[in-house]
Amino acid sequence: MQAIYEKFSEENINKLKKVINQLKDTDGSLIAVMNEAQEIFGYLPIEVQQFISEEMNVPLTEIFGIATFYSRFTLKPSGKYKIGVCLGTACYVKGSAMVLDKLKEKLGISVGDVTGDGKFSLEATRCLGACGLAPVMMINGEVFGRLTPDDVEDILKKFD
């Protein structure tokens, strides 16, 4: 458990302790605690999972299983700007794979990675619900539609 104290701020650890203490005696509270932990730390690194395991007396394997089963949880930190490129049918047919390739080239990262400066993270997503604007990507909730690979550079400049 010592590893969490070396890696994260005491303030964030205390926030997590407070959440655990409020919820640990409530049936079915593990996912709620994990959600709060991800809000506090931005992701669920192994140190946080171990801390939850020890504080709630829940096997680490159960926590890891939940964290890897539900797409809501992430085990790696995200960038300040989270880019999601839709690879659903409508977007894919209209060229979203080429947009994704251009993003990978410009950012110098692969899907699931974060740029070295922590600014951007890149994800391939399923339908974003904007099929009429295909192909689509979203950056921190802002939708960009009818994209071509040539649009990528100008869009990224908006986040410099």
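Quantities reported herein were computed from a predicted structural model and do not represent experimental measurements. (Residues numbered from 1 in each chain as written. Predicted model: local features only at pLDDT ≥ 70, side-chain atom pairs only at ≥ 80, totals over all residues. Heavy atoms only, no water.)

Visitor: Is there a simple way to think about the overall build of the protein chain in this case?
Guide: Secondary structure summary: the protein chain contains eight helices and four strands in total. Listing every helix and strand of the protein chain by position from the N terminus yields α-α-α-α-α-β-α-α-β-β-β-α. When the 160 residues of the protein chain are sorted by exposure, 39% land in the buried category. Relative to all contacts within the protein chain whose residues are 6 or more apart in sequence, the contacts with residues 24 or more apart total 60%. Across the protein chain, the 18 positively charged side chains and the 22 negatively charged ones have centroids separated by 6 Å. (Helix = DSSP H or I, 4+ residues; strand = E, 2+ residues; numbered from the N terminus. Buried < 20%, exposed > 50% of the residue type's maximum accessible area, 1.4 Å probe, protein only. Contact = heavy atoms within 4.5 Å. Lys, Arg positive; Asp, Glu negative; His and termini not counted. Charge placed at Lys NZ, Arg CZ, Asp CG, Glu CD.)

Visitor: Looking at this structure, how should I read the packing of aromatic side chains?
Guide: To describe a pair of aromatic rings, you give the distance between the ring centres and the angle between the ring planes. Inspection of every chain in the model, using the stated rule, returns five aromatic pairs. Both rings, one in F144 and one in F159, keep their centres 6.2 Å apart while their planes meet at 75 degrees; by these two values the pair is edge-to-face. Of the two residues, F144 is situated in strand 4 (residues 142–144) and F159 in the segment after helix 8 (152–157); the sequence distance between them amounts to 15 residues. With a relative accessible area of 10%, F159 lands in the buried category. (Phe/Tyr/Trp six-rings, centres within 6.5 Å; stacked < 30°, edge-to-face > 60°.)

Visitor: What is the right way to read the side chain of Q38 from this model?
Guide: When you line up the elements, Q38 lands in helix 3 (residues 30–41). Apart from residues lying up to four places away in sequence, Q38 is in contact with Y43, L44, R72, F73 and T74.

Visitor: Before we go on, may I ask you to explain the sheet that holds strand 3 (residues 137–139) in this structure?
Guide: Either a parallel or an antiparallel arrangement is found when strands of a sheet pair, and the pairing is made through backbone hydrogen bonds. Strand order in this open sheet of four strands is 2-1-3-4, and the pairing throughout is mixed. The sheet terminates laterally at strand 2 (120–125) and strand 4, the two strands that pair on one side only. Averaged over all pairs of adjacent strands, the angle between strand axes in this sheet comes to 20 degrees, irrespective of strand direction. Taken together, the three bridges between strand 3 and strand 4 define a ladder with antiparallel strand orientation. Pairing of M137 across the sheet is with F144, part of strand 4. Helix 7 (residues 96–107) rests against strand 1 (81–86), strand 2 and strand 3 of the sheet, and its axis sits at about 150 degrees to strand 1. (Pairing = 2+ DSSP bridges. Axes fitted to C-alpha atoms, helices over the stretch in contact; angles between N-to-C directions.)

Visitor: Looking at this structure, how should I read unusual backbone geometry?
Guide: Phi is mostly negative for residues that are not glycine, and the peptide bonds are mostly trans. Residue P135 is bonded to the preceding A134 through a cis peptide linkage, with omega at -5 degrees. Structurally, the position occupied by P135 is in the loop between strand 2 and strand 3. Of note, the phi angle at N57 is positive, near 60 degrees, even though the residue is not glycine. With respect to the helices and strands, the residue N57 is situated in the loop between helix 4 (46–56) and helix 5 (60–69). In this model, N140 sits at a positive phi of 45 degrees, which is unusual for a non-glycine residue. Counting through the fold element by element, N140 comes out in the loop between strand 3 and strand 4.

Visitor: Would you take a moment to explain helix 7 for this structure?
Guide: One turn of the α-helix equals 3.6 residues, which is why residues spaced by three or four share an orientation. For helix 7, with 12 residues, the first-to-last C-alpha span of 16 Å sits near the 16 Å given by 1.5 Å per residue. Backbone geometry just after helix 7 places G108 at a positive phi near 70 degrees. (Expected span 1.5 Å × (residues − 1).)

Shape is all these values report; function is a separate question.
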